[in-house]
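This is what each chain is made of:
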Amino acid sequence: WAICKMNMFLHGVFNADIQKGDTLGDPKHISGGELQVFDRVIANPPFSLKKWGKEQADNDPYGRYPYGTPPKDAGDYAFIQHMIASLNADGMMGVVVPHGVLFRGASEKEIRKGILENDLLEAVIGLPPALFYGTGIPAALLIINKKKSDERKGKVFFINGELEYEIGKNQNKLRDNDIQHILDVYDAYEDERRYSKVVSMD
């Protein structure tokens, strides 16, 4: 909380509403008893958080889990659904997730299915390993868009950005040209051999 406040201050953002608390158990951005909604939501929640509060979530007062509640030992889809519920009708979000979110079964499969059936998932961007502090595993970026363009409806765009990076001693790094490649391909929305593919919902 303190580091976040300092970060905002250093970047010239003086009106940020930063709240300290439990996002899932006791969300702080509430207005008139409802979750506040935003144009953009960006987060890097804790990977596969255990004991995230499944019992409480089964009776969530904010209706944040329309696709079901994830298992008690992996809270990834709890954070993802909280973020979706925090978007307005035109909203977009980006969330960093461990790869397990893309393929784990049981209740997580049903949640994934619901998100796809509602055509919310615009893109999955694979990221290199050891990019983040505290974990060496490769991660992915999910881009959720509540107002997909006609061109992108009924499809998911996969980008494999995990092979282009600079190797560091303790942590790897995406170089400017690596980031630019991802952005250029994302905007072009075209297949690139061994790098990107537009996939129909079928």
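Nothing here was measured: the structure is a model prediction, and the numbers come from that model. (Residues numbered from 1 in each chain as written. Predicted model: local features only at pLDDT ≥ 70, side-chain atom pairs only at ≥ 80, totals over all residues. Heavy atoms only, no water.)

Peer 1: Just to check I follow, could you spell out the nonpolar core for this structure?
Peer 2: Within soluble globular proteins, side chains that are nonpolar tend to cluster in buried spots. By size, the foremost hydrophobic cluster in this structure holds 20 residues, and its most contacted members are Ile80, Met93, Ile115, Leu142 and Ile144. Every element with two or more residues in this core is listed here: α3 (76-85), β4 (87-98), α5 (106-117), β5 (121-126) and β6 (139-145). Not counting the four nearest positions on each side in its chain, Ile144 is found in contact with Ile84, Leu87, Gly91, Met92, Met93, Ile115, Leu120, Leu121 and Glu122. (Core = buried A, V, L, I, M, F, W, Y, C linked by side-chain atoms within 4.5 Å. Buried < 20%, exposed > 50% of the residue type's maximum accessible area, 1.4 Å probe, protein only. Helix = DSSP H or I, 4+ residues; strand = E, 2+ residues; numbered from the N terminus. Contact = heavy atoms within 4.5 Å.)

Peer 1: Teacher, can you tell me more about the sheet that holds β5 here?
Peer 2: Neighbouring strands of a sheet are bound in pairs by backbone hydrogen bonds; such pairs are parallel or else antiparallel. The six strands are arranged β3-β4-β6-β5-β7-β8 in an open sheet whose pairing can be described as mixed. Every interior strand has two partners, whereas the edge strands, β3 (38-43) and β8 (196-200), have only one. The sheet shows a mean angle of 10° between the axes of neighbouring strands, direction not considered. Taken together, the five bridges between β5 and β6 define a ladder with antiparallel strand orientation. The residue bridging Gly126 from the neighbouring strand is Ala140, located in β6. Against the sheet, α3 contacts β3, β4 and β6, and its axis sits at roughly 160° relative to β4. (Pairing = 2+ DSSP bridges. Axes fitted to C-alpha atoms, helices over the stretch in contact; angles between N-to-C directions.)

Peer 1: Sorry, what's going on with the pattern of salt bridges here?
Peer 2: A side chain with one charge can pair with a side chain of the opposite charge if their charged atoms come near. The final tally for this structure, using the stated rule, is 11 salt bridges. As a salt-bridge pair, Lys28 and Asp26 come within 2.9 Å of each other at their nearest N and O atoms. On the accessibility criterion, Lys28 (35% relative accessible area) is partly exposed. For Asp26, a relative accessible area of 39% puts it in the partly exposed group. Bridged by salt links that share partners, the residues Asp76, Arg104 and Glu108 form one connected network. (Salt bridge = Lys/Arg side-chain N within 4 Å of Asp/Glu carboxyl O.)

Peer 1: Please clarify how the side chain of Arg64 should be interpreted in this entry.
Peer 2: On the secondary structure map, Arg64 appears in the loop between α2 (54-57) and α3. Of the polar contacts made by the side chain of Arg64, one reaches the side chain of His82; its length is 3.0 Å. Aside from chain neighbours lying at most four places away, what touches Arg64 is Thr23, Leu24, Pro27, Leu35, Gln81, His82 and Ala85. (Polar contact = N/O pair within 3.5 Å; in protein donor to acceptor, adjacent residues only side chain to side chain.)

Peer 1: I'm lost on the environment of Ala130 in this one. Help?
Peer 2: Here Ala130 lies in the loop between β5 and β6. Sequence separation between Ala130 and Lys173 is 43 residues, and the spatial gap between their C-alpha atoms is 8.3 Å. Excluding residues that lie within four positions of it along the chain, Ala130 makes contacts with Thr135, Gly136, Ile137, Gln171 and Asn172.

Peer 1: Whenever I open this one, α3 confuses me. Can you help?
Peer 2: Within an α-helix, residues lying three or four positions from one another point in the same direction, as the helix has 3.6 residues per turn. With nine of 10 residues buried, α3 is to be regarded as a mostly interior element. Looking only at α3, the buried set comprises Asp76, Tyr77, Ala78, Phe79, Ile80, Gln81, His82, Met83 and Ile84. If you follow the buried residues of α3, they end up packed against β2 (34-35), β3, β4, α4 (100-103), α5 and β6.

Peer 1: Looking at this structure, how should I read the environment of Met83?
Peer 2: Inspection of the secondary structure puts Met83 in helix α3. Exposure remark for Met83: the relative accessible area of 4% places this residue in the buried category. For the pair Met83 and Glu164, spaced 81 residues apart in the sequence, the C-alpha separation amounts to 29 Å. When near neighbours in sequence (up to four residues on either side) are disregarded, Met83 contacts Val41, Ile42, Ala43, Met93, Gly94 and Val95.

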